[in-house]
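The lines below spell out each chain.
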Amino acid sequence: MPSVYINTGRKALTDLPPRDPKVRSFHESLPHYRPTPLAALPEIAQQLGIQHLLVKDESSRLGLTAFKILGASWATAKAVAKRVDLKSTGVGTREDLENDLSLKNLASVAQAAELVLYAATDGNHGRAVGRMAKYLGIKARIFVPTMVDEEAKSKITNEGATVEVINGDYDQTVIDTKLAAEEHEGGKGLLISDTALEVDDEIPQWIVEGYQTMFDEIEEQILEVTGQQTITHVVAPVGAGSLSSAVVTHFERTPRSTKPTIVTVEPESAACLKASLEIGKMASVHATFTICTGMCCGTLSASVWPILKDGVSVAMTVHDGEVDEAIHLLQKHGIYAGPCGAASLAAIRKLARVEGIQLSPNSVIVIICTEGERGYQMQI
């Protein structure tokens, strides 16, 4: 099966939510906030025959080693603010809380309500939800599929969360976590899911909204690094699709003379977006082993499909060997990425070799490195 799919159904998106300025303000109030780097890789750019190759390096974000905390923190804040009964909390009205989503206020109401956070994860999202529970002084139950390794589970438990292993894949874990949250005694379970089972699921949409801070930073940094606002291509990894949906949303609603080409990348063994685009409707695939564990999803989040089917220009797959090569290449240039983080570089190197797709000497390409260095085991 070809590793590149050109989306001939691509069209402009007009009915997108406006940018919420509260998102970045909230993130700036959290411990360890600082913009992550937009690093130039001129040697690789020269090899590819392009003007600029820029890596948005999310290997250290808000004290964690992946971008996921951006979405998990904002979604947790919004979900807590919506769920709690504000009587006798001393916070005031719901509008007061919405206008001051400080950790102090959120912790006060979350503890009073005895909330317990739930999340399904294959690693980074669960750790981020665990970190938010720690900040709020409440408990978290994180559910993982059997494929998640001990390193990832240990990082989650180190946040103070409990880890429960589901005998199944990621898709099954999402379903089981939802049921567990709904069955929590007293209705005190609060599911922070980055995978929507229904199109109108609200919390996964807040996850997507939370990633806006990354793109706010890119808009500022691109001018500093290149002296221009031009971006011709953006390459983003796909798991369940929240980040790639955020990429499309931002670059579609941000004024530019020419919109960038959105390129997505998935593991060959878990290419649910590419499979869906090929048949023109959302489809599930049987996801099998990949070193890109955070991208090992067999089904897209239901809420992102309407955006991705119209907004993605090129959907690509890469195999683990290509990702491993990209990890080592990034290391030579001082960027220490995990497999999911290096997948975007693997994709653009592959795209440069595809017949009929020509990258220009004027191309300015942004690739998103979603996670920092971690252990992984290649399967022979």
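Everything discussed here concerns the structure shown above.
Bear in mind the structure is a predicted one, so any value in this text is a computation, not a measurement. (Residues numbered from 1 in each chain as written. Predicted model: local features only at pLDDT ≥ 70, side-chain atom pairs only at ≥ 80, totals over all residues. Heavy atoms only, no water.)

Describing the sheet that holds strand 9 (residues 261–267)
Here is step 1: On the basis of which strands lie adjacent, the open sheet formed by seven strands has the order 1-10-9-8-11-3-2 and mixed pairing. Only two strands of the sheet have a single neighbouring strand rather than two, namely strand 1 (4–6) and strand 2 (38–40). Strand-to-strand, the axes of this sheet are offset by a mean angle of 20 degrees, without reference to chain direction.
Here is step 2: On top of the sheet, helix 11 (residues 242–253) reaches strand 8 (233–237), strand 9 and strand 11 (364–369); it is set at about 155 degrees to strand 8, its chief contact. (Pairing = 2+ DSSP bridges. Helix = DSSP H or I, 4+ residues; strand = E, 2+ residues; numbered from the N terminus. Axes fitted to C-alpha atoms, helices over the stretch in contact; angles between N-to-C directions. Contact = heavy atoms within 4.5 Å.)

What about the sheet that holds strand 6 (residues 162–166)?
Here is step 1: Across the sheet, four strands lie side by side as 6-5-4-7; this open sheet has parallel pairing. Edge positions in the open sheet fall to strand 6 and strand 7 (189–191), since each of these has one partner strand only. When strand polarity is set aside, the average angle formed by the axes of neighbouring strands in this sheet is 25 degrees.
Here is step 2: As defined by bridge partners, strand 4 (residues 116–120) adjoins strand 7 across three bridges and the pair is classed as parallel. Bridge assignment links V116 to a residue of strand 7, and that residue is G189.
Here is step 3: Across the sheet, helix 6 (residues 124–136) lies against strand 4 and strand 5 (139–145), angled at about 175 degrees from strand 5, the strand it touches most.
Here is step 4: Together, strand 5 and strand 6 form the strand contacts of helix 7 (residues 150–157), whose direction differs from that of strand 6 by roughly 145 degrees.

Re a nonpolar patch on the surface
Here is step 1: A cluster of nonpolar side chains, I175, L179 and L197, forms an exposed patch at the surface whose accessible area comes to about 230 Å².
Here is step 2: In this structure, L179 sits in helix 8 (residues 170–182). (Patch = residues over 30% accessible without salt bridge, like charges linked within 9 Å, V, L, I, M, F, W, Y side chains within 5 Å. Areas by Shrake-Rupley, 256 points an atom, 1.4 Å probe, with all protein chains shown as cover. Salt bridge = Lys/Arg side-chain N within 4 Å of Asp/Glu carboxyl O.)

Focus on unusual backbone geometry
Here is step 1: Unusually for a residue other than glycine, H32 sits at a positive phi of about 70 degrees.
Here is step 2: Take H32: its relative accessible area is 55%, and that puts it in the exposed class.
Here is step 3: With a phi close to 55 degrees, L62 is a non-glycine residue in the positive phi region.
Here is step 4: In this fold, L62 is placed in the loop between strand 3 (52–57) and helix 3 (68–83). (Buried < 20%, exposed > 50% of the residue type's maximum accessible area, 1.4 Å probe, protein only.)

A few points about the packing of helix 14 (residues 320–332) against helix 15 (residues 339–351)
Packed helices, taken two at a time, are described by the angle their axes make and the gap between the axes.
Here is step 1: At their nearest, the axes of helix 14 and helix 15 sit 8 Å apart, and the two run at 100 degrees to each other. Taken together, helix 14 and helix 15 sit at an angle that is classed as roughly perpendicular. In this structure, helix 14 contributes E322, V323, E325, A326, I327, L329 and L330 to the contact, and helix 15 contributes P339, A342, A343, L345, A346, R349 and K350.
Here is step 2: Considered class by class, the residues forming the contact of helix 14 with helix 15 number ten nonpolar, no polar and four charged. (Parallel < 35°, antiparallel > 145°, perpendicular 65-115°, else oblique. Nonpolar A, V, L, I, M, F, W, Y, C, P; charged D, E, K, R; others polar.)

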